[in-house]
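Structure at a glance
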Amino acid sequence: MDNAAFSPNSNSNEPTTPESRPNDVTPPFSESLKIRSEGQYTHPAGVNFPLELIRPSGDLPRYLACQLLTPKLNLIHHLLWLAGLPRAARPLHRQKLMQRAFILTESPDEHLVWSPGRIFIKPVPEYLLDHGFWVQNICPDRELHAAACGLLLSYAWLISELIDFQIAKDEHIIPNDVTWDAWTKLIHELLQWIDDNHIDDSCNDDSPPTQNDPSHQPRPVIINKRYEFGELRLPRLNAIYRLTPTAFSFYNFVFGFMSVSTWYQVHEFTDVSPSQPEDFCGGILVDDMGLGKTLSMIISIVAGVSCVETTSLTPADAISVPVKPTLIIVPTEPPL
């Protein structure tokens, strides 16, 4: 007999939507390997989001979206090859070997972004170690699920050896009471789930699950496309956000991908140091757009002139102080 006769929707002409289909998305690890349970962690009372405060107790989906999604990086995904390589991030012990300081951030967009001497890392959210939380709050949303799986994969990159695990605890990247044995078992099962060749483009797979197939298994977990890349270089992300039409806006042109503070330090010269080499000819100032190269040069010029004026030498001797003029070259027309 035709199986359609037993289908409750066999006579319905209404199309089947993704929301009405059974959800076959499951956590990337089994319940027996959970490291956290409900009640063992607490969400913050409120988190700062641009121009507003989000309260997880009243709007948990929105809180999870700002904690897991990477909209800024996904917007320029087609240009991320300019800022990083499509490979796993280096483990923590290699990061220390490269003399990078670990700067903690709660923004997933800033996770694994680096600039000379530092790398931004998002601490492991404790709720990602709770199987029940995945089932109730993450798995129903495919986009959140893809982002959460990608974020968890990034920790597998960073914490691959016992020394990385200890560094992660020392730097408060992972909860202090998590054991190495529990962590390795969870990551081992996670890696079995992840198919690195199946990267999510839309986080919306509309293909119906084959429920009538007795060999049906949940589809391999899909990770967000941001995690095709590991470490991303901040100066290049800033340049992409300032100059490309995809992300162009007045705000992005001024602040770039991630605004940082610029500190200026003015040294007061009270004497001409005899240790300075006679053939000293200055240097080259290379910095990103908007970080104050013009102001730095003005300060340098003023400091050089005041060096003669504040010296304790007599006027006759001051003439012989080797302060050369400053040549300023500017284009006749603004660059296109």
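Just so we're clear, the structure is a prediction, and the values are computed from it rather than from any experiment.

Take unusual backbone geometry next. A positive phi is found at Gln99, a non-glycine position, where the angle reads about 60 degrees. Relative to the assigned elements, Gln99 resides in the loop between helix H3 (92–97) and strand S3 (101–104).

Following the sequence through the fold, His93 ends up in helix H3. Along the primary structure His93 and Ile167 are separated by 74 residues, whereas in three dimensions their C-alpha atoms are 7.4 Å apart. Once residues within four sequence positions are removed from consideration, His93 is found in contact with Ile163, Asp164 and Ile167. A distance of 2.7 Å separates the side chain of His93 from the side chain of Asp164, its partner in a polar contact.

Before going further, it helps to spend a moment on the nonpolar core. Leu68, Leu92, Trp134 and Trp183 are the most contacted members of the largest nonpolar core, which has 52 residues in total. Sorting the residues of this core by element identifies helix H1 (60–68), strand S5 (118–121), helix H4 (131–138), helix H5 (142–158), helix H6 (162–170) and helix H7 (180–193) as the ones contributing at least two each. By residue number, the principal contributor to this core is H5, which donates 11 residues. Leaving out residues up to four positions away in the same chain, Leu92 has contacts with Phe102, Ile121, Leu158, Ile159, Asp164, Ile167, Ala168 and Ile173. Counting 16 residues, the second-largest nonpolar core is a separate cluster that includes Leu80, Ala83, Phe229 and Leu234.

Moving on, we come to the packing of H5 against H7. Contact pair H5 / H7: the axes reach a minimum separation of 10 Å and the direction vectors enclose 120 degrees. When the axis of H5 is compared with that of H7, the two are oblique. Handedness of the crossing formed by H5 with H7: left-handed. In this structure, H5 contributes Leu152, Leu153, Tyr155 and Ala156 to the contact, and H7 contributes Trp183, Leu186, Ile187, Leu190 and Leu191. When grouped by side-chain class, the residues that make up the contact of H5 with H7 number 9 nonpolar, no polar and no charged.

Residues shown with low pLDDT carry predicted positions that ought not to be read at fine detail. A residue-level look at the protein chain finds 67% of positions with pLDDT of 70 or above and a mean pLDDT of 75. This stretch, residues 1–22, has a pLDDT under 50; its non-local contacts, to residues over four places away or in other chains, come to 11 contacts. Here residues 262–274 is modelled with pLDDT under 50, and outside its nearest four sequence neighbours on either side it reaches 12 contacts, counting other chains as well.

Turning our eyes to something else, we now look at the pattern of salt bridges. Once their charged atoms are close, side chains differing in charge can pair, the charge on each being opposite to the other. This structure, assessed with the given rule, holds 4 salt bridges. Taking the shortest distance from any N to any O, the salt bridge between Glu106 and Lys122 comes out at 2.9 Å. Pair noted here: Glu106 is in the loop between S3 and strand S4 (113–115) and Lys122 is in the loop between S5 and H4, with a separation of 16 residues, a long-range link. Overlapping salt bridges, with partners in common, bring together Arg90, Arg100 and Glu231 in one network.

What counts, and at which threshold
- Position labels on residues start from 1 in each chain and follow its written sequence.
- Local features in a predicted model are, by the rule used here, given only for residues with pLDDT of at least 70; side-chain atom pairs are given and counted only at 80 or more, and totals for whole chains, interfaces and linings are based on all residues.
- Calculated side-chain values reflect all of the structure's heavy atoms, with hydrogen atoms and water omitted.
- For helices the rule is a DSSP run of H or I covering at least 4 residues; for strands it is a run of E covering at least 2, with both sets numbered from the N terminus onward.
- Contacts were defined at the residue level, with two residues in contact if any of their heavy atoms lie within 4.5 Å.
- Pairs of N or O atoms within 3.5 Å make up the polar contacts considered here, provided that, within protein, one atom can donate a hydrogen while the other can accept it, and that residues adjacent in sequence are counted only when both atoms are side-chain atoms.
- By nonpolar core is meant a set of buried Ala, Val, Leu, Ile, Met, Phe, Trp, Tyr and Cys residues that side-chain atoms within 4.5 Å join together.
- Per-residue accessibility, obtained with a 1.4 Å probe over protein chains only, is compared with the maximum for each type, and a residue is labelled buried under 20%, exposed over 50%, and partly exposed between these values.
- For helices, the fitted line uses only the C-alpha atoms of the stretch in contact; every axis is such a line through C-alpha atoms, and the angle between N-to-C directions lies from 0 to 180 degrees.
- Throughout this description, any angle smaller than 35 degrees is read as roughly parallel, any larger than 145 degrees as roughly antiparallel, any in the 65 to 115 degree range as roughly perpendicular, and the remainder as oblique.
- Should the near helix be turned counterclockwise from the far one by less than a right angle, the crossing is left-handed, whereas a clockwise turn marks it as right-handed.
- When residues are grouped by polarity, Ala, Val, Leu, Ile, Met, Phe, Trp, Tyr, Cys and Pro land in nonpolar, Asp, Glu, Lys and Arg in charged, and all others, Gly among them, in polar.
- pLDDT is defined as a per-residue confidence score from the predictor, taking values between 0 and 100.
- Salt-bridge detection follows one rule: a side-chain nitrogen of Lys or Arg within 4 Å of a carboxyl oxygen of Asp or Glu.

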